[in-house]
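Understanding the architecture of this molecule
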Amino acid sequence: MCRALEHLPITCLERAKELKARFGNFLLKQELNIMGHSQKTDKLTLENRQKWSQSFHELLLHKEGLCAFTAFLSSEYSEENIAFYLACEDYRNTKNSSKLCCKAKKIYEEFICSDAPREVNLDHETRTITLKNMERPNQSCFALAQSKIYTLMEKDCYPRFLKSTVYQELITQHLG
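This write-up is about the structure you can find in this document. (Residues numbered from 1 in each chain as written. Predicted model: local features only at pLDDT ≥ 70, side-chain atom pairs only at ≥ 80, totals over all residues. Heavy atoms only, no water.)

**Re the packing of helix H4 (residues 63-75) against helix H8 (residues 143-163)**
Axis angle and axis distance: for two packed helices, these are the angle between their axes and the distance between the axes, and together they describe the pair. For the pair H4 and H8, interaxial distance at closest approach is 10 Å and the crossing angle is 95 degrees. As summarised for this structure, H4 and H8 are arranged roughly perpendicular, according to the angle between their axes. Packed against H4, whose contacting residues are Ala68, Phe69, Phe72 and Leu73, the element H8 presents Met153, Cys157, Tyr158, Arg160 and Phe161 at the interface. Of the residues that constitute the contact of H4 with H8, the class distribution is 8 nonpolar, no polar and 1 charged. (Axes fitted to C-alpha atoms, helices over the stretch in contact; angles between N-to-C directions. Helix = DSSP H or I, 4+ residues; strand = E, 2+ residues; numbered from the N terminus. Parallel < 35°, antiparallel > 145°, perpendicular 65-115°, else oblique. Contact = heavy atoms within 4.5 Å. Nonpolar A, V, L, I, M, F, W, Y, C, P; charged D, E, K, R; others polar.)

**Overview of the packing of helix H5 (residues 80-92) against H8**
Remark: H5 packs on H8, axes separated minimally by 10 Å, with the N-to-C direction vectors making an angle of 140 degrees. Here H5 lies oblique to H8, going by the angle between them. Like other packed secondary-structure pairs, H5 and H8 cross with a definite hand, here left-handed. Counting all contacts with H5, which are made through Asn81, Ile82, Phe84, Tyr85, Cys88, Glu89 and Arg92, the residues of H8 involved are Ala145, Gln146, Ile149, Tyr150, Leu152 and Met153. Classifying every residue of the contact of H5 with H8 gives 9 nonpolar, 2 polar and 2 charged. (Left-handed = near helix turned anticlockwise from the far one by under 90°.)

**A short note on the side chain of Glu80**
The topology assignment puts Glu80 in helix H5. Discounting chain neighbours no more than four positions away, the residues touching Glu80 are Phe111, Arg118, Glu119 and Val120.

**Let's talk about the state of the cysteines**
A covalent bond between the sulfur atoms of two cysteines is referred to as a disulfide. Per the stated rule, a full pass over the model turns up 0 disulfides. Between Cys102, a cysteine without a disulfide, and Cys101, which holds the nearest cysteine sulfur, the sulfur-to-sulfur distance is 7.5 Å. (Disulfide = S-S within 2.5 Å.)

**What to know about the pattern of salt bridges**
Side chains that differ in charge, positive against negative, can pair when their charged atoms come close. Here the structure, examined in full by the defined rule, presents 9 salt bridges. Between Arg118 and Glu110 there is a salt bridge whose closest N-O contact spans 2.7 Å. A relative accessible area of 23% means that Arg118 is categorised as partly exposed. (Salt bridge = Lys/Arg side-chain N within 4 Å of Asp/Glu carboxyl O. Buried < 20%, exposed > 50% of the residue type's maximum accessible area, 1.4 Å probe, protein only.)

**Observations concerning the environment of Phe72**
One can find Phe72 in helix H4. Since its relative accessible area comes to 5%, Phe72 is described here as buried. As a C-alpha pair, Phe72 and Leu162 span 90 residues in sequence and 9.9 Å in three-dimensional space. Once you skip the residues sitting within four places of it in the chain, Phe72 turns out to touch Cys157, Arg160, Phe161, Ser164 and Val166.

Okay, here's the thing in structure tokens:
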């Protein structure tokens, strides 16, 4: 967190987090468009929604599933995990090698370095390896860090998402 913010009253910080969570979904929609997810809405059936409970990978394949999961993470103030994962996917799919260095630096500064504004939970060894990989940026320099965050979301956040009101309402919405 920004050092200047620690002097603000707790109520201001809580309100700021609430607003960040609410507006984060608007930003995600723009990120999804940049990453190639079309604005066209897939026909979201009950079957599709139930597939999300079969695997985390299946959830992330559907635009609506990704949006629902992101909304859930926002409500838990941990949307930086999915934002990092998506940034790594975008980075990995970058065709123009001249853009890799700039994108790598941006991802590192936003998510990995200590005191990053959206710092993700990575162990020291993974941070060190990732920093070393950035000396010669290529499409796989964030692979280890992305894998760790994916596993964290799959083992920790995903089971809670399936039990959440966000997911349960999506299932019952189709039934009602």
